[in-house]
Amino acid sequence: MQDLWQYAPRDAFDLEREFEMQKRQVDHADGDIRLKLPKRLQQFSNNEISSSVTFDHIYVDHVKFKAFFEDPKNRIISLIKQILVEIEHLDQIILVGGFSCSRYLYHQIKNHADLSHINVCCPKEPGLAVVQGAVLFGYHPDEVKTRICRYTYGFGVLQDFDETVHKQEKRDIVDGEDVCKDVFDILVYEGEKVHYDTPKCTNSKSSHRQADRKYIPIRKEFYAGKNITKKGIVYVTEDGIRSIGKIISQPPEGGWTDLVEFKTNVYFGQTEIKIEDIDTTNNLTISVEFDWL
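Residues numbered from 1 in each chain as written. Predicted model: local features only at pLDDT ≥ 70, side-chain atom pairs only at ≥ 80, totals over all residues. Heavy atoms only, no water.

Asker: Where do I start with the state of the cysteines in this structure?
Answerer: Covalent bonding between the sulfur atoms of two cysteines is what defines a disulfide. Per the counting criterion, the structure on display carries zero disulfides. We note that C149 lacks a disulfide partner, and the nearest cysteine sulfur, in C201, lies 14 Å from it. Owing to a relative accessible area of 8%, C149 belongs among the buried residues under this scheme. (Disulfide = S-S within 2.5 Å. Buried < 20%, exposed > 50% of the residue type's maximum accessible area, 1.4 Å probe, protein only.)

Asker: Help me understand the nonpolar core in this model?
Answerer: Residues Y153, F155, F222, V266 and F268 are the most contacted members of the largest nonpolar core, which totals 20 residues. Put simply, the parts of the chain that give this core at least two residues each are β6 (152-160), β8 (177-188), β11 (218-225) and β12 (241-249). Element by element, the count of residues in this core is highest for β8, at four residues. Ignoring any residue separated from it by four or fewer positions in sequence, one finds Y153 in contact with F184, D185, I186, L187, V188, F222, Y223, A224, I244, F268 and I273. Membership of the second largest hydrophobic core comes to 11 residues, among which are I80, L84, L95 and I118. (Core = buried A, V, L, I, M, F, W, Y, C linked by side-chain atoms within 4.5 Å. Helix = DSSP H or I, 4+ residues; strand = E, 2+ residues; numbered from the N terminus. Contact = heavy atoms within 4.5 Å.)

Asker: Looking at this structure, I do not really get the pairing of strand β7 (residues 171-174). What am I missing?
Answerer: Successive residues of a regular strand alternate their side chains across the two faces of the sheet. Pairing analysis gives four bridges linking β7 to β8, with the strands arranged antiparallel. Counterpart to I173 in the pairing with β8 is D178. Between β7 and β8, which follow one another and run antiparallel, lie two residues, and D175 among them has a positive phi close to 55°. (Pairing = 2+ DSSP bridges.)

Asker: Can you help me understand unusual backbone geometry in this one?
Answerer: Positive phi, normally seen in glycine, also occurs at D182, with a value near 65°. When you line up the elements, D182 lands in strand β8. Residue D182 is classed as partly exposed on the basis of its relative accessible area, which comes to 25%. The phi angle at N227 is positive, at roughly 55°, despite the residue not being glycine.

Asker: What is the right way to read helix α5 (residues 70-87) from this model?
Answerer: Given 3.6 residues per turn, any residue in an α-helix points the same way as the ones three and four places further on. For α5, spanning 18 residues, the distance from its first C-alpha to its last is 26 Å, which sits close to the expected 26 Å at 1.5 Å a residue. Along α5, the residues that are buried comprise K73, I77, I80 and L84. Taken end-on, α5 shows its buried residues confined to a sector of 55°, consistent with a single buried face. Exposed and facing more than 90 degrees away from the buried side of α5 are R75, L79 and V85. Looking at the buried residues of α5, the elements they touch are β3 (92-94) and α6 (103-110). The first or second residue beyond α5 is E88, which carries a positive phi of 70°. (Expected span 1.5 Å × (residues − 1). Arc of directions from axis to C-beta.)

Asker: Help me understand the environment of D14, please; the structure alone is not making it clear to me.
Answerer: Of note, D14 is situated in helix α2 (residues 9-25). For the pair formed by D14 and K36, sequence separation is 22 residues and the distance between their alpha carbons is 9.0 Å.

Asker: How should I be thinking about the packing of aromatic side chains in this particular structure?
Answerer: For any pair of aromatic rings, the description rests on two quantities: the centre-to-centre distance and the angle between the ring planes. Under the criterion given, the structure shown has 15 aromatic pairs. Consider the rings of Y151 and Y153, whose centres lie 6.2 Å apart with planes at 75°: the pair is edge-to-face. The residues Y151 and Y153 share a single accessibility class, namely buried. Measuring from ring centre to ring centre gives 5.0 Å for F155 and F222, while their planes differ by 50°; the resulting arrangement is tilted. Taken together, the positions of F155 in strand β6 and F222 in strand β11 put the pair 67 residues apart, joining distant regions of the chain. Among the residues examined, F222 registers a relative accessible area of 0% and is labelled buried. The ring of Y151 has K226 lying over it, and the distance from NZ or CZ to the ring centre is 4.9 Å. Across from the ring centre of Y151, 5.7 Å away, lies the NZ or CZ of R242, which sits over that ring. (Phe/Tyr/Trp six-rings, centres within 6.5 Å; stacked < 30°, edge-to-face > 60°. Lys NZ or Arg CZ within 6 Å of the ring centre and 35° of its normal.)

Asker: What exactly am I supposed to notice about the pattern of salt bridges here?
Answerer: As a working rule, side chains carrying opposite charge can pair if their charged atoms are close by. On inspection of all chains with the given rule, the structure shows 14 salt bridges. Between D258 and K214 there is a salt bridge, with the nearest N and O atoms lying 2.5 Å from each other. Taken together, the residues span a long stretch of sequence, with D258 in the loop between β12 and β13 (259-267) and K214 in the loop between β10 (200-207) and β11 at a distance of 44 residues. On the accessibility criterion, D258 (42% relative accessible area) is partly exposed. (Salt bridge = Lys/Arg side-chain N within 4 Å of Asp/Glu carboxyl O.)

Asker: Looking at this model, I keep getting lost on the environment of G154. Mind explaining?
Answerer: Turning to its location among the elements, G154 is positioned in strand β6. Here the alpha-carbon distance between G154 and V266, two residues 112 residues apart in the chain, equals 9.5 Å. Those residues in contact with G154, other than ones at most four positions away along the chain, are F184, D185, I186, L187, E221, F222 and Y223.

Shown next as C-alpha cells:
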C-alpha cells in the first residue's frame, strides 16, 4: 500500500474510497464483502494470491470486515458515556458525518445495553448534515437561539479586602491598597443558557498611581470550573477550577490614569467566546489580546 500511494496515488485513493463505500453499506449481511482492487496493487505485492483474491477483487469475510468497526465504535460509545456522566440525562442522540451512513454502526450504538434508553436517530444524508448546518449558520447565526454552558466561566480578580468575607491567607497589598487576591468573578454558571448576541458583563478597576504601573498591560486571567456552588466567595485556586487563558489589555498612548474602571463584555453564545474591554473612565475601547492555553 505504501508503494501504491507513492507510485499510483490515484489507484490508492480509489481503493480507499471503495473501502469507505463498503464500510458505509455493510449491515447484517452474511456473505463475503467484495472490494475492487487496482491491478497495480498486485504488481507491488510480494504476497501469493490466496483463494479470497482474484485479479480484480478481494473477498473479506463479513465477520472480519465488521471487526474494523470495533475500535471506532468503542471510542464513540466511551465518549457518549463520558458525556452522560457530565450531564446525567440525555433524551436523544443524532448521528451525523460520513461514518454515520453505516447502518451497522447505527445499530451497534442504538442497541448497546448502556444506551438503549436513549433515542438514537440519523438524518437522511448524515454526511452532508454538518456542512449544511455550517452554511445555514453562516447565513443566519441567530437561528441558534441559545447554547448551554458546559462550564462555569469567570475571571480571577482582586477585590477590596473585607475581613468579614475574605480569607486572611488571600490578603495582599497592590499599589498601596489592601486587596483580596484569587477571587473568582463568575459570569455564567455550568448549565446556564446563553444567547447569541447577549453579553455577560462584569465591572472591574485597576490602580496605576505608581509610575512603574502606567504603561504595563493589564492581564486578566480567564477560568473555567465544574460543580461550582452559588453561595459565598469562590477562589480560583479551589479544586475543579482551571485557567484557560489570559486577556491582555494594552495601555493607551498616554498611559493609564491613576484609577482605571473597566467594563468587560463576554459573548458566550457564539461559536467562539468573544470578549470586549471598555475603559469607562475615558470611554475608550481597549485593544485586547487573547492568550489561550
